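A closer look at the structure
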Amino acid sequence: MRIGHGYDAHRFESGRPLVIGGVTIPHSHGLAAHSDGDVLIHALCDALLGAIGEGDIGRHFPDSSDEFAGIDSRILLRRVVKRVVTAGYRLGNADVTVIAQAPRMAKHIPAMVERLAADLEVDAGRLNIKATTTEGMGFAGREEGIAVHVVVVLLAAS
Ligand SMILES: [Zn+2]
């Protein structure tokens, strides 16, 4: 069994779509990034790569590379899942916490779970996504950006 943790945060920027967990959410701002800015998927990829001891998302998909400019982060996630399989593991479960004062995530979470479970090649019951505000405190509370924490457990593929 292997455990992994991932954390990511991105700044809000106007004039960009807001993509969280593979779902485009109507909002006044998107997230600044070299990729599509999907902060949830980035944290999830880091947790998976951490669990198999393969560094982080920046090592595998450098933001200096044109190949990854504006890329759909689900493509990155599917590549990371391949590395997990190659390393001889499968996802036991993943627990995700999105920290955002706005917009509200709740009604979008079922669609996130459906899409990411497909990318992870697991039943939806292995993926939990929840969201919290910080009651106005800190950068998330001031609506400067969004942060995500992810913990995963990988099991040896049998
Ligand atoms: Zn990121």
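Since the model is a prediction, treat every value here as computed from it, not as a measurement. (Residues numbered from 1 in each chain as written. Predicted model: local features only at pLDDT ≥ 70, side-chain atom pairs only at ≥ 80, totals over all residues. Heavy atoms only, no water.)

1. Some remarks on the coordination of the zinc ion
Note on metal sites: the ideal angle is 109.5 degrees for four tetrahedral donors, and 90 or 180 degrees for six octahedral donors. Coordination of the zinc ion by the protein involves D8 (OD), H10 (NE2) and H42 (ND1), with metal-donor separations of 2.0 to 2.1 Å. Here the donor residues of the zinc ion are spaced in sequence according to D-x1-H-x31-H. Note that H10 is positioned in strand 1 (residues 2-14) and H42 in helix 1 (residues 39-51), a separation of 32 residues in sequence. For H10, a relative accessible area of 14% gives the class buried. (Donors = N, O, S within 2.8 Å, 3.2 Å for Na, K, Ca; no water. Helix = DSSP H or I, 4+ residues; strand = E, 2+ residues; numbered from the N terminus. Buried < 20%, exposed > 50% of the residue type's maximum accessible area, 1.4 Å probe, protein only.)

2. Topic: the packing of helix 1 against helix 3 (residues 73-86)
Where helix 1 contacts helix 3, the axes come no closer than 10 Å and their chain directions differ by 10°. With respect to helix 3, the axis of helix 1 lies roughly parallel. Across from I41, H42, L44, C45, L48 and L49 in helix 1, the residues of helix 3 making contact are S73, R74, L76, L77, V80, R83 and V84. Within the contact of helix 1 with helix 3, the residues separate by chemical class into nine nonpolar, two polar and two charged. (Axes fitted to C-alpha atoms, helices over the stretch in contact; angles between N-to-C directions. Parallel < 35°, antiparallel > 145°, perpendicular 65-115°, else oblique. Contact = heavy atoms within 4.5 Å. Nonpolar A, V, L, I, M, F, W, Y, C, P; charged D, E, K, R; others polar.)

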